[in-house]
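# Examining the three-dimensional arrangement
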Amino acid sequence: MTQVPIAAKSPKPVARRRSSLLRALKANSGFLFVLPALIIFVVFGLYTVIYSIVLSFFRWNGFGKFSILPLACEPPACQFAGLDNFAYFLYKEPTMSRFFWQALQHNIIMAIFVTAGTVLVALPLAISLNRAARGQSMYRLLIMLPMVTAGIAVYYVWMFIYEPDGLLNSALGAAGLNFLQAKQGWLGQADRALISLMIVMIWAAVPIATILYLAGLQTIEKELYEAAVIDGASVWQQLWRITWPLLLPVTVVVIITSINSVLQGYEMVYLMTYGGPAAHTEVVGLQIFKYGFGDQRQLGMASAMSWALFVLVFAVALVNLRLLRTRTEP
Amino acid sequence: MDKARSAIAIVLSYIVLTAYAVLSVYPFLWMVSSALKSNQEVLGSRSLIPQEVRFDIIVNTWNQLDFFRYFVNSVLVSVLVVSGIILVYSMAGFGFARTKFVGNRVLFICFLGLLFVPGVTVLVPLVQLLRALGLIGRDAGQGATYFGLIMPIVNGAGPFSIFLFKNYFASLPSELHDAARVDGASQWGVYWRIYMPLSTPVIATVGILNFIGTWNAFIWPSIVLNNPDWFTLPLKLKDLDLQIVIQWNVRMAGSLIMVIPVIVVFLFLQRYYIRGLTAGAVKA
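Rules used in this analysis
- Residues numbered from 1 in each chain as written.
- Chains lettered and ligands numbered in written order.
- Predicted model: local features only at pLDDT ≥ 70, side-chain atom pairs only at ≥ 80, totals over all residues.
- Helix = DSSP H or I, 4+ residues; strand = E, 2+ residues; numbered from the N terminus.
- Rg over C-alpha atoms; globule rule 2.2 N^0.38 Å.
- Buried ≥ 20, exposed ≤ 12 C-beta atoms within 10 Å, placed from the backbone.
- Contact = placed C-beta atoms within 7 Å.
- Domains from an automatic or database assignment.
- Axes fitted to C-alpha atoms, helices over the stretch in contact; angles between N-to-C directions.
- Parallel < 35°, antiparallel > 145°, perpendicular 65-115°, else oblique.
- Left-handed = near helix turned anticlockwise from the far one by under 90°.
- Core = buried A, V, L, I, M, F, W, Y, C linked by C-beta atoms within 7 Å.

### Observations concerning the overall build of chain A
What chain A contains, in helices and strands, is 15 helices and four strands. Here the C-alpha atoms of chain A give a radius of gyration of 28 Å, more than 25% beyond the 20 Å that 2.2 N^0.38 yields for 330 residues. Its C-alpha atoms give chain A principal-axis dimensions of about 100 × 75 × 35 Å. Put simply, chain A has 330 residues, and 42% of those count as buried. Taking contacts inside chain A between residues at least 6 apart in sequence as the whole, the part at least 24 apart equals 63%.

Written as structure tokens, this is what we have:
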């Protein structure tokens, strides 16, 4: 009895193997949909990431040859440096490390205040939008405009607003608040430059956050508020006990994207202040850029510093995701 | 009492909305108004309404600075980037959401991992890669350089686009997929004939996000494009800084030229965009 299947199996093992291979291929044919994305990912993503990791252990000024496949690095332009790059900007080299920590400090200040500012502006806006039955789509459009027009064109407008004889100073003058004016311009003055940049960042980040909050609000059932009113809850209690907790997942998304973009971003700083005045708006991304493309190139240093930034970005994201999970799952 | 309270709440809402709408739109209004003024008036007057409307400034900016060329360059780059992203990552999103293959989940996570790698990290390696491939440098033509410019932008948009497409496709009823398969449609047929036509919101979202990003992109194009004739609008606009005296009205006219196309695209697609964005993110 048991011999039957064996006998049946023996005649055409090759064909059988081929057909099972065919079946395996067919079962996995969905992979083909992912293939183009994967090829682009391997060439322009994975390869460059690995290159950057390898490069962070070398000292290279950009001249001569450096390649990772095969590993080629010709002294004196390029030398193996071990962990030197990391040590230098973290503590060993006084000027370099001072600049790095200062830039990181600016990043952290921005991450905190821009994120908090975005939430504090976007949430009331979204609640107001949700209440405003009439004109909602018009207001929504006006509020979304900054998102669309971000970039150098709008930075120019803000630069004019911040000029010594620009719009902000004259508005303050007209309001009789002369003592608040920045005589050398808002971007030119060490004590104002960072906050001026943060205002533009919040202005640019509010639209998306508002739209996300609005979508979140529209999923909350009205009965919850009606029940709360019957129980005698005040407006504040409703806000604090119903709206805020139910919107927490949205808040986490807003916080993650905001911190992420503030820690990684440097284009706006590049265009508006280039880190000035006197490094008072320097951020880590911009420093990495300057090591990579500035006057005195230290490409290994640029890579090493950018991996420090990665660790920070990743850690923040993990903490946020953990918070989301513990808060939303009872 | 309750009615009075809710009436106050609504009035308050409109006050908040109006106040913020002014803040939100004011820089843009100022841009428009300054593009229509003489430079002296831009510097001297604080009124949004020009004393004399000067359309010639926009026209001159467009003509003398040869903005048409840079406008075409910008359109070319943005359209290629956006269509590449939509095609490649809608396919990938469909693959991840609706087909089974070994390593599906692991690959998806690999893609998402790229989200956390700061863009600036790979700038130096990318330049080296493009140089090694002969895509940038003295001998590279415009086509090669644009390819080198575009591909990393496409790749950078990958993780988030895949994420949005995958979520959206997964939200469509799977019966669609199964029924079509029973009727003999191929996987490709299901993707192209059934899923894609149903996906306007997510296509609009991914399209707008990346159109805005590419249209406004400054740093990466400024690294890659070494021939001024190939510049995109932001680079040309930045070039105006090289003038000895800043002509604010010319600057604003250039800015306006750069901003208008994005606004037009956005006005057409905003309805879908909001739906697609919130569907993807709120679900996440």
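### Here we look at the domain arrangement of chain A
Where the parts come together, the accessible area they lose is often given as the size of the interface. All names here are of chain A. Split into domains, chain A comes out as domain 1 (3–86) and domain 2 (88–328). Here the C-alpha centre of domain 2 lies 38 Å away from the C-alpha centre of domain 1. In this assembly, 13 residues from domain 1 lie in contact with 12 residues from domain 2. Sorting the residues of the side of domain 1 that touches domain 2 by element identifies α3 (31–55), β1 (58–60) and α4 (84–92) as the ones contributing at least two each.

### As for the packing of α3(A) against helix α4 (residues 67–98) of chain B
At their nearest, the axes of α3(A) and α4(B) sit 7 Å apart, and the two run at 130° to each other. By the angle between their directions, the pair α3(A) and α4(B) is classed as oblique. The way α3(A) lies across α4(B) gives a crossing that is left-handed. The residues of α4(B) that touch α3(A), namely those facing A:F31, A:F33, A:V34, A:P36, A:A37 and A:I40, are B:V88, B:Y89, B:M91, B:A92, B:F94, B:G95 and B:F96.

### Thoughts on the environment of B:I86
All names here are of chain B. Relative to the helices and strands, I86 resides in helix α4. A residue is classified by how many C-beta atoms lie within 10 Å of it, and I86, with 21 of them, is buried. Each C-alpha atom of the pair I86 and A204 lies 9.3 Å from the other, and the pair is 118 residues apart in sequence. I86 has contacts with I203, V206 and G207, leaving out every residue within four places of it along the chain.

### Section: helix α7 (residues 152–162) of chain A
The buried fraction of α7(A) amounts to 11 of the 11 residues, a majority that puts the element mostly inside the structure. Within α7(A), the full set of buried residues consists of A:I152, A:A153, A:V154, A:Y155, A:Y156, A:V157, A:W158, A:M159, A:F160, A:I161 and A:Y162.

### Comments concerning unusual backbone geometry
Residue and element names in this part refer to chain A. Put simply, G276 and P277 share a cis peptide bond, and its omega is -5°. Relative to the helices and strands, P277 resides in the loop between α13 (267–272) and α14 (284–293). Positive phi is not limited to glycine here, since A278 has a value of about 50°. Its place among the elements puts A278 in the loop between α13 and α14. Of the residues examined, A278 has 9 C-beta atoms within 10 Å and is grouped as exposed.

### Digging into the nonpolar core
With 177 residues, the main nonpolar core has A:M201, A:A209, A:Y213, A:M305, B:I85 and B:A92 as its most contacted residues. A per-element tally of this core places helix α9 (residues 193–219) of chain A first, with 16 residues. Counting contributing residues, this core receives three or more from each of domain 1 (3–86) and domain 2 (88–328) of chain A. For A:M305, the contacting residues outside a window of four places in its chain are A:F89, A:F100, A:V284, A:Q287, A:I288 and A:Y291.

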